[in-house]
Amino acid sequence: MDRYKRPDDGRHNRDENRAILKKVNRISKGRKKAGIDGVKIIVIMVSLMAVIAAFLIFIGNMDFPQPGGRTQENGYEGEIPQPSIVPFDPPEEDLTPFIPPDISEDMLFYPDEGGRLELPVIGATGWVASASALRDASGGAGAQIRVLPAGQAFTILAESGDWWQVRLPDGETVGWVDHRRCWINLPDVLPSIIYNISNADRSLFRSSGFMLDGITDMRLYSAKAFNERLGREEFIVPGMYPMARALHTVQQIALGRGDTLVIYEVYRPRSTQQSVVDAMNVLMRNNIMANTAISDSPWTLSWFISTGVSNHQRAAAVDTSLARVHDTEILQAGDYSYLRITNYTLIDTGTRMHELSPASAIVNRPIGITASQILGGNLDLTGAAVTTGIVRMQFYFASAGFNPLASEWWHFDHHPSITMATAANINGDFYTPTVYSEPPIR
């Protein structure tokens, strides 16, 4: 026996081989496990990318329902447009009022002090918008009968300067109120306008195409009743009296060009305003896309929905679109005739009514825009929502002294009415959806 050979060499070699084999197996298993984990990671990443791609495709295909009309139903009509530039070119047209053929002016239009309306104020429904004295004669010298609370409705019997003689719903109490502190029902005096008060039917409010919980597609308040004056169901649309006269001018300019206003809101109850603000805050907390759009400097939430008292609570602002008139008819209200539009098509507005995001802006930055800038023709409307139809509508409203809102193509403020409403402390903390309208008698 070789003296250098130990008796256990064979067993030692076997043990050594086993140890090496175990180490190799451990390494092999580790590599195999690493390979399996790598495959799992790859599968997860591919799946995640597929989900993201599907979501982006869904968002890319998300459309915005256009406001409903007589010839167009609520539904998805088009995508949020990319920013575009439509240079403002005011139409070179005669802006005289529109009078349909074969209708005498005195029958169709009622001339009142300081302006013109389609029907006289006599017999129209009005509301006290801020607590006011009911007096036994026009002017401040009349003796006070009582104080009427904000929201009190009445029927207008006569007009003298800044005063209306009114009859209360009890049918017996008659007196005079200062109409500078009151609202008038717009359909009673401007019946040719199309009224589609969406928040009193099916709210169109969305943001970046996303629904607002408890708001979108919901009726936010009641504002429709049978109107004895017009002989049909009609929306109840309170508005400041000076704004009613200014809207008459806008409508006559539009009618003269074959267009009509389609009004979606004037007065909005304060409670409704706050509910939309609350829903927007919830959406912005839970939806990063909506939050990013609204918060993208220099825009903020208040550009798209006022977080305080809005001019809608003062009934001194109007949300409106424009439509092309196809058919009309002449109807009778008491001793007066008026024009009613029976068929129309909404103009292209790029984004839907009440889409609360920069997609509805008429300029790329929230700058102030005045009526004189619009009329001057040296203003480029460069917002995402600008279309030739919107340019036309901007010109109609500017011609009657309204100022547009930079962030919403549909919103127009009537500053004389805003000033009057603010002075009277009108804040829209009430709502009375009732009408007491009567046919106007000569």
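Use the structure listed above.
Residues numbered from 1 in each chain as written. Predicted model: local features only at pLDDT ≥ 70, side-chain atom pairs only at ≥ 80, totals over all residues. Heavy atoms only, no water.

1. What to know about the overall build of the protein chain
No. 1: Within the protein chain, the regular secondary structure consists of nine helices and 24 strands.
No. 2: Each of the 442 residues in the protein chain was classed as buried or not, and the buried ones make up 50%.
No. 3: A total of about 20,300 Å² of accessible surface is found on the protein chain, and carbon and sulfur atoms cover 54% of it. (Helix = DSSP H or I, 4+ residues; strand = E, 2+ residues; numbered from the N terminus. Buried < 20%, exposed > 50% of the residue type's maximum accessible area, 1.4 Å probe, protein only. Areas by Shrake-Rupley, 256 points an atom, 1.4 Å probe, with all protein chains shown as cover.)

2. Re the pattern of salt bridges
No. 1: The tally for this structure, following the rule as stated, stands at eleven salt bridges.
No. 2: Between Arg245 and Glu159 there is a salt bridge, with its nearest N and O atoms 3.5 Å apart. Pair noted here: Arg245 is in helix 4 (residues 241-256) and Glu159 is in strand 9 (residues 153-160), with a separation of 86 residues, a long-range link.
No. 3: In this structure, Arg232 and Glu234 form a salt bridge, with 3.5 Å as the shortest nitrogen-oxygen distance.
No. 4: Arg232 gets classed as buried once you look at its relative accessible area, which sits at 11%.
No. 5: The buried category is assigned to Glu234, whose relative accessible area is 10%.
No. 6: Salt bridges sharing partners connect three or more residues here, namely Asp162, Asp178 and Arg180. (Salt bridge = Lys/Arg side-chain N within 4 Å of Asp/Glu carboxyl O.)

3. Remarks on the packing of aromatic side chains
No. 1: Taken as a whole and assessed by the stated rule, the structure comprises twelve aromatic pairs.
No. 2: Seen from their ring centres, Tyr221 and Tyr431 are 5.5 Å apart, and the 70° between their planes marks the pair as edge-to-face. You can see Tyr221 sitting in the loop between strand 15 (210-211) and strand 16 (224-227) and its partner Tyr431 sitting in the segment after helix 9 (415-423), a full 210 residues away along the chain.
No. 3: Judged by its relative accessible area of 8%, Tyr221 falls in the buried class.
No. 4: A residue is classified by how much of its surface remains accessible, and Tyr431, at 23% relative accessible area, is partly exposed.
No. 5: Judged by centre distance (5.5 Å) and plane angle (45°), the ring pair of Trp299 and Phe304 falls under tilted. (Phe/Tyr/Trp six-rings, centres within 6.5 Å; stacked < 30°, edge-to-face > 60°.)

4. Observations regarding the packing of helix 5 (residues 270-286) against helix 6 (residues 288-295)
No. 1: As a packed pair, helix 5 and helix 6 sit with axes 5 Å apart at the nearest point and diverge in direction by 115°. Judged on the interaxial angle alone, helix 6 and helix 5 are roughly perpendicular. Judged by the sense of rotation from one axis to the other, the crossing of helix 5 with helix 6 is left-handed. Taken together, the residues of helix 6 that come into contact with helix 5 (itself represented by Met280, Leu283, Met284 and Asn286) are Ile288, Ala290, Asn291, Ile294 and Ser295.
No. 2: Of the residues in the contact of helix 5 with helix 6, the class split is six nonpolar, three polar and no charged. (Axes fitted to C-alpha atoms, helices over the stretch in contact; angles between N-to-C directions. Parallel < 35°, antiparallel > 145°, perpendicular 65-115°, else oblique. Left-handed = near helix turned anticlockwise from the far one by under 90°. Contact = heavy atoms within 4.5 Å. Nonpolar A, V, L, I, M, F, W, Y, C, P; charged D, E, K, R; others polar.)

5. Overview of the side chain of Ser207
No. 1: With respect to the element layout, Ser207 can be found in strand 14 (residues 206-207).
No. 2: The class of Ser207 is buried, set by a relative accessible area of 0%.
No. 3: A distance of 2.8 Å separates the side chain of Ser207 from the backbone oxygen of Leu356, its partner in a polar contact. (Polar contact = N/O pair within 3.5 Å; in protein donor to acceptor, adjacent residues only side chain to side chain.)

6. Points about the pairing of strand 24 (residues 408-413)
No. 1: Burial within strand 24 is extensive, with six of its six residues counted as buried.
No. 2: As defined by bridge partners, strand 20 (residues 317-333) adjoins strand 24 across three bridges and the pair is classed as antiparallel. Paired with Val318 across the bridge in strand 24 is Phe412.
No. 3: Here three bridges tie strand 23 (residues 403-405) to strand 24, and the two strands are oriented antiparallel to one another. Looking across to strand 24, one finds that Pro404 is bridged to Phe412. (Pairing = 2+ DSSP bridges.)

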